[in-house]
Amino acid sequence: MSSIPNDSLVAVIDDELDVASMVAAMLQSLGFRTAVHQSATGFLQARHIERYAAIVMDLSLPETDGLELLKQLAKENCLEPLIIITGLQRSVLHAASHIAQDLGFEVLGTLSKPFRTAELARIMEIPLAVSHRIAHEEFDPTEQDLRLALEKNELCAYVQPQVRFDTNTLVGMEVLVRWQHPQHGLVMPHTFITLAESAGLALDITEFMTKQALTIAQHAHSSFGFDGTISVNLAPVSLSDPNFPNAMEKLVHARQLPAHRICFEVTETSMVLDSPLALEILTRLAIKGFKIAIDDFGVGHSNLERLDHYPISEIKIDMGFVQRAFENDRARVIVEESIVLGHKLGMQVVAEGVETIDHWNWLSAQGCDVAQGYYLSRPIPVAAVDSWSGKWGQTSR
Ligand code: C2E
Ligand code: CA
Ligand code: CA
């Protein structure tokens, strides 16, 4: 799935003006510019002047149906990435999506009306928490900005709680990097993680976040008796640095914390996993007692052999599958089978993107171990975890 650059122009084609305007408003809140068209003819005319990064279209249009329009576009070799929406039944949506793919379109996603901004954000590959601020500001940091931010200690860690389904208790927290910018406010990772990687600063951020994780572990223990795991996202480059395991071991020893309190999350999309060095580094980390989780499980190049070879103690089911599970049979089956597979291999299974009580109840019934998502809490400063946990404990489920 390709992600559409922020600020690019997205066409919305829907004959119902209120729906079209609502979709346009959602896209704008995600940081895109929009061009609304109520008919295929209007769209086809405008297409000669405007270039669209993606098209969001309704299948039922007045003069021509959506499929005819797609065929015409394909004939003219205009294959912009598509998002198909419809009020028609789901089977129609799926069939149309297959036809569009056969015509050569990349279908980014399909949406049944009514849908939420979160679903659209997911398709456009924008985490919702991020999207809220994109709408308010534009910040395109340079390498030097980021270097200075590290020097001036402007980066900080937010945490997102992880709760066991069966006991309803806080068992872990994931640390997520934020940049407290003096002018731009709280800047989200998507603005600077890729830059950090290309500027050779990703290892510095990983080391910084691991130190933060250790501080948080100590603080959370002394202030509310927390002795669960703190998860840290590993930049892919960490898995090509032979010194990384020893450096991490030194950090935990210096704080006199057992390594098993830290879980390193690696994404399977980082192809780097296939290198022998990555396998060696992960194995050495595991020997030293660190836990290893596969992040965004299901989206990458997962193969069963890899799961078997790598020293993985946890899989985190990608939030896209969790969120689509109620609408899409494939997503539901992927979640169910990931839970079974994880358990058969002796791993803990975490579901990400648990946003509603329905997600919570269903995943709990499937035997999933741990939940993480907005239903429990958005990422918060660690100082807020204590009061969050008090409130969470009082909510009956
Ligand atoms: P991730 O590791 O998959 O982290 C989860 C992201 O999903 C977080 O976004 C979190 O705010 C968001 N999220 C959590 N629950 C929900 C939910 O219920 N619904 C929705 N729609 N979103 C939810 P965040 O903090 O913006 O981080 C985005 C990504 O940036 C992370 O994805 C991770 O890949 C990367 N990242 C964050 N911190 C670090 C870091 O310290 N180092 C590295 N290398 N990458 C990081
Ligand atoms: Ca993660
Ligand atoms: Ca994830």
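Each remark here, short or long, concerns the structure printed above.
As a convention, each chain's residues are numbered from 1 in the sequence order in which they are written. Following the order in which they are written, the chains are lettered starting with A and the ligands numbered starting with 1. Where totals are concerned, whole chains, interfaces and linings use all residues; where local detail is concerned, this predicted model gives features only for residues with pLDDT of at least 70, and gives and counts side-chain atom pairs only at 80 or more. To obtain the side-chain values, all non-hydrogen atoms of the structure were used and water was disregarded.

1. Some details on the packing of aromatic side chains
And step 1. Ring pairs are drawn from Phe, Tyr and Trp, using the six-membered ring of Trp, whenever the two centres fall within 6.5 Å, and their geometry is named by plane angle: stacked under 30 degrees, edge-to-face over 60, tilted for the rest. Enumeration over the complete set of coordinates arrives at 12 aromatic pairs.
And step 2. Relative to Trp360, the ring of Phe165 lies with its centre 4.6 Å away and its plane at 45°, an arrangement referred to as tilted. Taken together, the positions of Phe165 in the loop between strand 6 (155–164) and strand 7 (170–181) and Trp360 in helix 15 (residues 357–365) put the pair 195 residues apart, joining distant regions of the chain.
And step 3. Three labels apply to residues, based on accessible area from a 1.4 Å probe with only protein chains included: buried if under 20% of the type maximum, exposed if over 50%, partly exposed otherwise in between. Take Phe165: its relative accessible area is 8%, and that puts it in the buried class. Helix and strand labels come from DSSP, where a helix needs a run of H or I of at least four residues and a strand needs a run of E of at least two; each type is numbered from the N terminus.

2. Description of the coordination of the calcium ion (ligand 3)
And step 1. Only Asp295 (OD), Asp296 (OD), Glu352 (OE) and Glu352 (OE) from the protein reach the calcium ion (ligand 3) as donors, at distances of 2.2 to 2.7 Å.
And step 2. Think of the donor list as every N, O and S atom within 2.8 Å of the metal, or within 3.2 Å for Na, K and Ca; water never makes the list, so a site can look incomplete. Counting gaps between the donor residues of the calcium ion (ligand 3) yields the pattern D-D-x55-E.
And step 3. The metal-metal distance between the calcium ion (ligand 3) and the calcium ion (ligand 2) is 4.0 Å, with Asp295 coordinating both. Here the residue Asp296 occupies a position in strand 11 (residues 291–297), and Glu352 occupies one in the loop between strand 13 (348–351) and helix 15, the gap between them amounting to 56 residues.
And step 4. A relative accessible area of 7% places Glu352 in the buried class.

3. A few points about the coordination of the calcium ion (ligand 2)
And step 1. Glu174 (OE), Asn233 (OD1), Glu265 (OE) and Asp295 (OD) make up the full set of protein donors to the calcium ion (ligand 2), lying at 2.1 to 2.3 Å.
And step 2. Donor residues binding the calcium ion (ligand 2) come from one chain and are separated in sequence as E-x58-N-x31-E-x29-D.

4. Some remarks on the environment of Gly342
And step 1. Topologically, Gly342 is positioned in helix 14 (residues 329–344).
And step 2. Using a relative accessible area of 1% as the deciding quantity, one classes Gly342 as buried.
And step 3. Along the chain, Gly342 and Ser8 lie 334 residues apart, while their C-alpha atoms are 39 Å from each other.
And step 4. Once you skip the residues sitting within four places of it in the chain, Gly342 turns out to touch Ile315, Met347 and Val349. When checking whether two residues touch, look at their non-hydrogen atoms; a contact exists if any pair is within 4.5 Å.

5. What about unusual backbone geometry?
And step 1. Following Lys113, the chain continues to Pro114 via a peptide bond in cis, the omega torsion being -5°.
And step 2. With respect to the helices, strands and loops of the structure, Pro114 is situated in the loop between strand 5 (107–112) and helix 5 (117–123).
And step 3. The backbone of Asn77 shows a phi angle near 65°, a positive value even though the residue is not glycine.
And step 4. Inspection of the secondary structure puts Asn77 in the loop between helix 3 (66–75) and strand 4 (82–86).
And step 5. With a relative accessible area of 60%, Asn77 lands in the exposed category.
And step 6. One non-glycine residue, Asp296, lies in the positive phi region at around 50°.
And step 7. Its relative accessible area of 23% is what places Asp296 among the partly exposed residues.

6. What to know about the pairing of strand 10 (residues 262–267)
One face of the sheet, then the other: side chains in a regular strand alternate in exactly this way.
And step 1. Where burial is concerned, most of strand 10 is hidden: five out of the six residues are buried.
And step 2. Here, a strand pair is defined by DSSP locating no fewer than two bridges between the strands. As defined by bridge partners, strand 9 (residues 229–233) adjoins strand 10 across four bridges and the pair is classed as parallel. Within strand 10, the residue paired with Ile230 across the bridge is Ile262.
And step 3. With respect to chirality, the unit in which strand 9 leads through helix 10 (residues 244–254) into the neighbouring parallel strand 10 is right-handed. With strands facing away from the observer, any crossover in which the path from the first strand over the helix to the second runs clockwise is taken as right-handed.

7. Looking at the pattern of salt bridges
And step 1. Think of a salt bridge as a Lys or Arg side-chain nitrogen and an Asp or Glu carboxyl oxygen that are within 4 Å of each other. Considering all chains together, one arrives at 19 salt bridges under this definition.
And step 2. Salt-bridge contacts for Asp166 lead to Arg164; the nearest nitrogen and oxygen are separated by 2.7 Å.
And step 3. When the shortest N-O distance is used, the salt bridge between Glu249 and Lys288 registers 3.1 Å. Remark: Lys288 occurs in the loop between helix 11 (276–287) and strand 11 and Glu249 occurs in helix 10; sequence separation between them is 39 residues.
And step 4. Several salt bridges converge on common partners, so that one network encompasses Asp14, Glu16, Asp58 and Lys113.

8. Considerations on the site of ligand 1
And step 1. When we say a residue is near a molecule or strand, we mean one of its heavy atoms is within 4 Å of it. Not every one of the 22 residues close to ligand 1 is listed here, only the nearest: Gln160, Arg178, Met319, Glu355 and Tyr374.
And step 2. Contact distances for ligand 1 include 2.9 Å between a nitrogen atom and a side-chain N or O atom of Gln160.
And step 3. Within the side chain of Arg178, a nitrogen or oxygen atom sits 2.8 Å from an oxygen atom of ligand 1.
And step 4. Here ligand 1 has 800 Å² of accessible area as a free molecule, and 89% of this is covered by the chains.
And step 5. Looking at the shell around ligand 1, the elements with two or more residues in it are strand 7, strand 11 and helix 13 (319–324). Polar contacts here mean pairs of N or O atoms no more than 3.5 Å apart (in protein, one a potential hydrogen donor and the other a potential acceptor; neighbouring residues in sequence count only if both atoms are side-chain atoms). In this description, accessible areas are obtained by the Shrake-Rupley approach with a 1.4 Å probe, and a residue is regarded as covered only by the protein chains that are shown.

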